[in-house]
Amino acid sequence: VLDVLIVGAGPTGLTAGCVLARQGLSVRVVRKHRPFTGHSRASVIWPRALHIMESIGAVEPLVSIGSRVTRVGYYSSGESIGSFGLDRLQDTRFRFALGVSQHETEAVLESVFRAAGGDISDAEVVGLEQDEQQVTTRLRTDGRESAWSSRLLVGADGANSTVRELLGIAMNDVGPRVSFRIADAVVGGLPEDEASYCWTPGGGMAIGPHDRHAHRLAYRLTPDAPDASPDSFQRLLDARGPNGSHGVVRELISTADFQARFAVAASFSAGRCHLAGDSAHVMAPAGGQGMNSGILDADALARRIVESRRNGAAENVLAGYSVERQDAIRKIMATAVEHARDGGLRSEPDIAERDQRYRGMWNDPALHMDRMARLSQLDIDPLRTEGARISA
Ligand SMILES: Cc1cc2nc3c(=O)[nH]c(=O)nc-3n(C[C@H](O)[C@H](O)[C@H](O)COP(=O)(O)OP(=O)(O)OC[C@H]3O[C@@H](n4cnc5c(N)ncnc54)[C@H](O)[C@@H]3O)c2cc1C
């Protein structure tokens, strides 16, 4: 019987796979889709997730292709209301966030996983049963069904998780639904070390460098928005971007419109099956917390699995996973919801209060640090070193 079957080869499933395979467990990943290429989803890895990448040997290849973001700037109608320095972070050697396309992150994780002896198959999960000893997962490949047995199952199969549905776990909304348009673009004249949130009463624009040659541009989609084109992005950048900056949109590499929601699964565990990443929680991209949260789930779960294997106390150690990560997600979600709300304010008094709040945070060393620690997810749990003990 396999130790762990992981459903999903996104950043979450692959990170869990890397931790487990490197610790010598037998682990297999199945995925319904081959990875998308040329179309980026998440584009930033914050310091806490970089520590995890380091622990599995993935940080060097990622740093070699990513853009180092050392500042997060906030602008209200073009005027700076805060420039937060990641270089002020303490207790971490990653005093930057890494701008890198999700498909590049997945490619690096996949090669680390395979090098550690991990196996990936193309198959869709269509059913599962579990008892005291094991999980039996039914899979479909090219119309043919097969079944695999494993001691544990990790459902890292994304926002429309089949595993979550098969386990009968509800997804509860905790914030509004919002539509976004994003583009990966070649833009001249913008800083390569700053991610910025540019808010105006007419709407916002998020800008983040990634992959050393591109910028992510994102804004909230309204029914009257023009078609996505270099011209329409240029007009918004001119209207909403920082005063004095002269970004020139040279090329749109890819664009996507999508609806995002804030929602959390009622539980992250059911018996021998555990949810991680988007299957357990989804959030709008403002603040770039979604993928990073999945990477932290994957690490926390995989380390508990390794620990349970070592000391045989599987139930005790694994039982703590759902509560540990639900608590963490509540905190992260609060930051993401606040970020989205701050970016969507329209009335003058609300905007004046927000701008004052940001200036206050910027100028107060403790609040400044707290803001960066929250975005970096360094406030979530103490940094753990590989093989460190985990209390149940
Ligand atoms: C357009 C877009 C833009 C985004 N932008 C950002 C951003 O800027 N910042 C950010 O942090 N996040 C962003 N996100 C969210 C981010 O992409 C997700 O948080 C991240 O992909 C979650 O990773 P995951 O591994 O949990 O799930 P996914 O990446 O969704 O991976 C799911 C995996 O499960 C597999 N799978 C699904 N169903 C089955 C099944 N039945 N059987 C077998 N395999 C299955 C899939 O093939 C895939 O391999 C964006 C998402 C979208 C759609």
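On to helix α6 (residues 230-240). All buried positions along α6 are accounted for by Ser232, Phe233, Gln234, Leu236, Leu237 and Arg240. Buried residues along α6 sit in contact with β13 (178-188), β14 (194-200), β15 (203-210), β16 (214-220) and β17 (248-260).

Before going further, it helps to spend a moment on the nonpolar core. Counting residues in hydrophobic clusters, the biggest one holds 82 residues, and the most contacted among them are Ile6, Leu20 and Ile305. Those residues in contact with Ile6, other than ones at most four positions away along the chain, are Gly13, Ala16, Gly17, Leu20, Val27, Arg28, Val29, Val30, Val154 and Ala156. Core analysis: the second largest hydrophobic core is formed by 18 residues, Trp46, Leu86, Tyr197 and Trp199 among them.

Moving on to the pattern of salt bridges. Taken as a whole, this structure holds 28 salt bridges when the rule is applied. The shortest N-O distance in the salt bridge between Asp297 and Arg325 comes to 2.6 Å. A residue pair is termed long-range when its members are at least 10 positions apart, and Asp297 in helix α7 (residues 290-311) and Arg325 in helix α8 (residues 314-343) qualify at 28 residues. The two residues Asp297 and Arg325 agree in class, both being buried. Between Glu338 and Arg371 there is a salt bridge, with the nearest N and O atoms lying 3.0 Å from each other.

For Val72, the position within the fold is in strand β5 (residues 71-76). Accessibility expressed as a relative area gives 1% for Val72, which makes it buried. Taking the C-alpha atoms as reference points, Val72 and Gly82, ten residues apart in sequence, are found 8.1 Å from one another. With near-sequence residues (within four places) excluded, Val72 lies in contact with Trp46, Gly82, Ser83, Phe84, Leu86, Ala195, Tyr197, Met372 and Leu375.

Around the ligand there are 30 residues in total, and Thr12, Arg41, Gln102, Val125 and Asp278 lie nearest to it. With respect to the ligand, the backbone of Pro11 contributes an N or O atom lying 3.3 Å from an oxygen atom. Take Val125: an N or O atom from its main chain is 2.9 Å from a nitrogen atom of the ligand. Where the shell around the ligand is concerned, the elements lending two or more residues are α1 (11-22), β2 (27-31), β9 (124-130) and α7. Each residue belonging to the shell around the ligand can be placed in one class, and the counts come to twelve nonpolar, eleven polar and seven charged.

A few words now on the sheet that holds strand β3 (residues 44-45). In spatial order, the strands read β3-β7-β4; together these three strands make up an open sheet with antiparallel pairing. Bordering the open sheet on either side are β3 and β4 (67-69), each of which pairs with just one other strand. Two strands pair when backbone bridges link them, and β4 and strand β7 (residues 97-99) are joined in this way by three bridges, in the antiparallel orientation. Each residue of the ladder has a partner; that of Arg68, found in β7, is Leu98.

With that settled, the discussion passes to empty space enclosed by the protein. Over the atoms rolls a probe the size of a water molecule, and in doing so it shows where empty space is left. Counting across every chain of the model gives two cavities of 30 Å³ or more. As for the second largest cavity, its lining consists of Gln289, Lys331, Ile332, Thr335, Arg374, Asp379 and Ile380. With three residues, α8 is the largest single contributor of residues to the lining of the second largest cavity. Across the lining of the second largest cavity, the residue classes tally to two nonpolar, two polar and three charged.

So, about the packing of α1 against α7. In the contact formed by α1 and α7, the axes pass within 8 Å of each other and the chain directions differ by 30 degrees. The orientation of α1 with respect to α7, classified from their angle, is roughly parallel. Judged by the twist between their axes, the crossing of α1 over α7 is right-handed. Note on element contacts: α7 touches α1 through Met291, Gly294, Ile295, Ala298, Asp299, Ala302, Arg303, Ile305 and Val306, opposite Pro11, Thr12, Thr15, Ala16, Val19 and Leu20. Looking at side-chain class alone, the contact of α1 with α7 contains ten nonpolar, three polar and two charged residues.

If pLDDT is low for a region, its predicted coordinates should not be looked at in detail. Mean pLDDT over the protein works out to 93, with 95% of the residues at or above the 70 mark. Across residues 385-392, where pLDDT falls below 50, the model places 17 contacts with residues more than four positions away in sequence or in other chains.

We now examine the side chain of Ser279. When you line up the elements, Ser279 lands in the loop between β20 (273-275) and β21 (281-282). With relative accessibility at 0%, the residue Ser279 sits in the buried group. Within the structure, the side chain of Ser279 is placed 2.7 Å from the backbone oxygen of Gly155, a separation counted as a polar contact. Those residues in contact with Ser279, other than ones at most four positions away along the chain, are Gly155, Ala156, Asp157, Gly158, Ala159, Ser161, Arg164, Met171 and Ala265.

This brings us to the pairing of β15. By the criterion of burial, β15 is predominantly enclosed, with seven of the eight residues buried. Taken together, the five bridges between β14 and β15 define a ladder with antiparallel strand orientation. Residue Trp199 lies in a different strand from β15, and its bridge partner there is Gly204. Where β14 folds back on β15, the antiparallel hairpin that results is connected by two residues. Alignment of β15 against β16, held across five bridges, turns out to be antiparallel. Across the sheet, residue His210 finds its bridge partner in β16, namely Ala214.

Analysis parameters
- Residues numbered from 1 in each chain as written.
- Predicted model: local features only at pLDDT ≥ 70, side-chain atom pairs only at ≥ 80, totals over all residues.
- Heavy atoms only, no water.
- Buried < 20%, exposed > 50% of the residue type's maximum accessible area, 1.4 Å probe, protein only.
- Helix = DSSP H or I, 4+ residues; strand = E, 2+ residues; numbered from the N terminus.
- Contact = heavy atoms within 4.5 Å.
- Core = buried A, V, L, I, M, F, W, Y, C linked by side-chain atoms within 4.5 Å.
- Salt bridge = Lys/Arg side-chain N within 4 Å of Asp/Glu carboxyl O.
- Near = heavy atom within 4 Å.
- Polar contact = N/O pair within 3.5 Å; in protein donor to acceptor, adjacent residues only side chain to side chain.
- Nonpolar A, V, L, I, M, F, W, Y, C, P; charged D, E, K, R; others polar.
- Pairing = 2+ DSSP bridges.
- 1 Å grid on protein atoms, 1.4 Å probe; cavity = no way out; pocket = protein on both sides within 12 Å on 5 of 7 lines; lining within 4 Å.
- Points joined across faces, edges and corners; volume = space filled by probe spheres on them.
- Axes fitted to C-alpha atoms, helices over the stretch in contact; angles between N-to-C directions.
- Parallel < 35°, antiparallel > 145°, perpendicular 65-115°, else oblique.
- Left-handed = near helix turned anticlockwise from the far one by under 90°.
- pLDDT = per-residue confidence, 0-100.

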